[in-house]
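Residue-level structure breakdown
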Amino acid sequence: MRAKTKVMSLVFCALVLAFGATAQAQIIHNTTQQNNEVVQYGQTELLGEVRFSAAAACGNAGCTSVASTITITYNGATINNLPSLPVYSGGNTLTYSTGIQVYVSGGYATNFGIADRVSISAINTDLGGQIIMTVAGGFTVSSGDQIRINGVRADVSGKSIGGSVTALVSSSPSNANTFDFVNVTVATVNKSMTVTVTGKSNPLCITTIPNPTIRITEGFATAFVEYTTPGAGARARFGATQDTKIKVSLSNLPSGVTLSWPATISGTAVNSAATGATLVLAADSTSSVAIYTFNTTNQTTSDSLQEYFDITPVVSVAATAALGQATAGAQLWPDTGILRYAHPVVPTTSNNFFAVTRCTTYLLFPFVTGGNTPGFTTGIAIANTSSDDAAFVTGGGVAAASTASAQSGAITLYGWPSSTKDATGSSTTTYSPSTFTGAAVSAVVSTNLAAGDTWTGVIDGTAAFVGFQGYVIAKCDFQFAHGFAFLVGKYNSGSVFDVAHGYLALVIPDPSVTVRATTSGETLNN
């Protein structure tokens, strides 16, 4: 009995050894991936590599493949470069015309390009884009043999910053392939760029025109890329046919205003390091739309730096330009091809880029009263003297000093009432009549005073100023306004005005032309 048991044990051991020397009819995979940082609003963003490596569990004899498919599903992301015709140029890599690549090694690579043991196709589904690898049956792979999928470009435009794309791995039949990880992250969405606007305004009477600036800052160091002809450090294209572009758009640009955009903008690193990046202006750019292409002398260097670009156009304003306010924004471009974006114009809030404004005259009337003391009022006259060629040689008057001669515009009076003073003469919070609170009051007294005309009126003839006493500033939406005030009153009882006094209004320089605040105070020199 003992001898029989011994024989059976030897047979069992032989079977075990024989089984250990036979390849398993299943491939056991270690699944790894690269997590690419991708651009928000991108429609053809490059997802990270997915790699399958035969596991050590295959043993010395390896694992024998079973005819099967391995599917990689990119959850919630549409593949926008579905593979079509493969182009084999030798070696272990098969590149498809849209840029997707399959790399194989070891047992997967035998007869590669002739009788492929691994091939791919792709579709888009409601769950997401899918790469479907067809694996032939009956060949052996050893530990460490690999399949790598690269070059998948997907639409992440619907994902917010911090969102991700995960790849779900599955096999059919399910027992033909096993994986240590079946869900891996291949992309994380980051901010595309930041846009800041430094606006300027130009009163029509000023010939020295300020230029506005729009700053474009990369959202992260690898957001901008030149695929076509980088000087060095080129990234693999994986189907890309163009470079990152930036489209600057102006809205409501006043007629008569033109912009000359700089042909080349040098980049600056946020940390002040040297950078060889530039933005190059497209030939078909216009005053209201400028398209710039990102170029770099070394893509690797650019990928290590977060860069910004200050775009400052030279503005020209015709003498007959319309008044108005232009806003500016930018977006990543283009919206077709690879690369492409569904990028909104940012900033999304209203921003002032360039304004053409009126040339304004401000007239100060230091003391005005209108019924605050019974029987007293103030008459005001404002003349628009911007039409004066009859008094001067033609073109030698206003026209010689301004880009436009005859001007017309509204007159608005702003009044600051006097408070009732205390015994020391100091201000209080009491006003008479009580309809005044200390806040400025205002009224439009002329909607459009023509050149050569004069507006006249008494201050308490305007409802907002009934009972007013204090000082008044008249804002005249034209140059060369001059004013006169005449106070009358009945100091003694009776019907006769026995108090009268007149004075010229003081002209305050237009703050948009000459800054009013000075360390030495204000001398109007009128």
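Residues numbered from 1 in each chain as written. Predicted model: local features only at pLDDT ≥ 70, side-chain atom pairs only at ≥ 80, totals over all residues. Heavy atoms only, no water.

Topic: the layout of surface pockets
- Its volume calculated, the largest pocket comes out at about 290 Å³.
- Of all the elements in the fold, those that place two or more residues in the lining of the largest pocket are strand 2 (36–39) and strand 3 (45–46).
- In terms of residue count, strand 2 provides more of the lining of the largest pocket than any other element does, 4 residues in total.
- Looking at the lining of the largest pocket residue by residue, the classes come out as 11 nonpolar, 8 polar and 6 charged.
- Estimated volume of the second largest pocket: approximately 200 Å³.
- Lining the second largest pocket we find 13 residues, and of these Thr360, Thr361, Gln479, Phe480 and Val507 sit closest to its centre.
- Every element with two or more residues in the lining of the second largest pocket is listed here: strand 38 (481–489) and strand 40 (506–508).
- Considering only residue class, the lining of the second largest pocket consists of 7 nonpolar, 5 polar and 1 charged. (1 Å grid on protein atoms, 1.4 Å probe; cavity = no way out; pocket = protein on both sides within 12 Å on 5 of 7 lines; lining within 4 Å. Points joined across faces, edges and corners; volume = space filled by probe spheres on them. Helix = DSSP H or I, 4+ residues; strand = E, 2+ residues; numbered from the N terminus. Nonpolar A, V, L, I, M, F, W, Y, C, P; charged D, E, K, R; others polar.)

Some thoughts on the sheet that holds strand 15 (residues 153–155)
- The strand order across the open sheet built from 3 strands is 3-15-7, with neighbouring strands paired in antiparallel fashion. The open sheet has two free edges, formed respectively by strand 3 and strand 7 (78–79), since each of these has just one partner strand.
- Here strand 7 runs beside strand 15; their pairing, made up of 2 bridges, is antiparallel. Bridge pairing in strand 15 links isoleucine 79 to alanine 154. (Pairing = 2+ DSSP bridges.)

Topic: unusual backbone geometry
- A cis geometry characterises the amide bond from isoleucine 338 onward to leucine 339, with omega recorded as 15°.
- In this structure, leucine 339 sits in the loop between strand 30 (324–333) and strand 31 (354–357).
- Going from serine 432 to proline 433, the amide bond is cis rather than trans, its omega being -5°.
- Its location among the elements puts proline 433 in the loop between strand 34 (409–417) and strand 35 (441–449).
- Although it is not a glycine, tyrosine 41 sits at a positive phi angle of roughly 75°.
- Secondary-structure assignment places tyrosine 41 in the loop between strand 2 and strand 3.
- We classify tyrosine 41 as partly exposed; its relative accessible area is 21%.
- Here phenylalanine 480, not a glycine, exhibits a phi torsion of approximately 60°, which is positive.
- Looking at where phenylalanine 480 falls in the secondary structure, it is placed in the loop between strand 37 (468–476) and strand 38.
- What makes phenylalanine 480 partly exposed here is its relative accessible area of 26%. (Buried < 20%, exposed > 50% of the residue type's maximum accessible area, 1.4 Å probe, protein only.)

Points about the packing of aromatic side chains
- Tallying each qualifying case throughout the model produces 10 aromatic pairs.
- Judged by centre distance (5.9 Å) and plane angle (75°), the ring pair of tyrosine 108 and phenylalanine 139 falls under edge-to-face. With a gap of 31 residues between them, tyrosine 108 in the loop between strand 10 (101–104) and strand 11 (118–124) and phenylalanine 139 in the loop between strand 12 (128–135) and strand 13 (140–141) connect regions that are remote in the sequence.
- Here phenylalanine 139 falls in the buried class, since its relative accessible area comes to 4%.
- Ring-pair connections join several aromatic residues into one group, and the members of that group are Phe224, Phe294 and Phe309. (Phe/Tyr/Trp six-rings, centres within 6.5 Å; stacked < 30°, edge-to-face > 60°.)

Side note on the sheet that holds strand 39 (residues 499–504)
- Overall, antiparallel pairing links the 4 strands, which are arranged 36-33-38-39 in an open sheet. Looking along the sheet, the strands with just one partner apiece sit at the ends: strand 36 (454–458) and strand 39. In this sheet, neighbouring strand axes are inclined to one another by 10° on average, regardless of whether the strands run parallel or antiparallel.
- Looking at chain direction, strand 33 (residues 377–384) and strand 38 are connected through 8 bridges and run antiparallel. Within strand 38, the position partnered with threonine 378 by the bridge is leucine 487. (Axes fitted to C-alpha atoms, helices over the stretch in contact; angles between N-to-C directions.)

Notes on the pairing of strand 14 (residues 146–150)
- Along strand 14, 4 of the 5 residues are buried, which leaves the element largely enclosed by surrounding structure.
- Relative to strand 14, strand 4 (residues 50–54) runs antiparallel, the two being bridged by 4 bridges. Each bridged residue has a counterpart across the sheet, and for arginine 51 the counterpart in strand 14 is arginine 148.
- Where strand 10 meets strand 14, 4 bridges bridge the pair, whose relative direction is antiparallel. Looking across to strand 14, one finds that tyrosine 103 is bridged to arginine 148.

Examining the state of the cysteines
- In this structure the tally under the stated criterion is 1 disulfide.
- At a sulfur-sulfur separation of 2.0 Å, the disulfide partner of cysteine 58 is cysteine 63. Linking cysteine 58 and cysteine 63, the disulfide has an S-S dihedral of approximately -110° and is accordingly described as left-handed. As far as burial versus exposure is concerned, cysteine 58 and cysteine 63 are alike and both buried.
- In this structure cysteine 476 is a free cysteine whose sulfur lies 13 Å from that of cysteine 359, the closest cysteine sulfur available. (Disulfide = S-S within 2.5 Å.)

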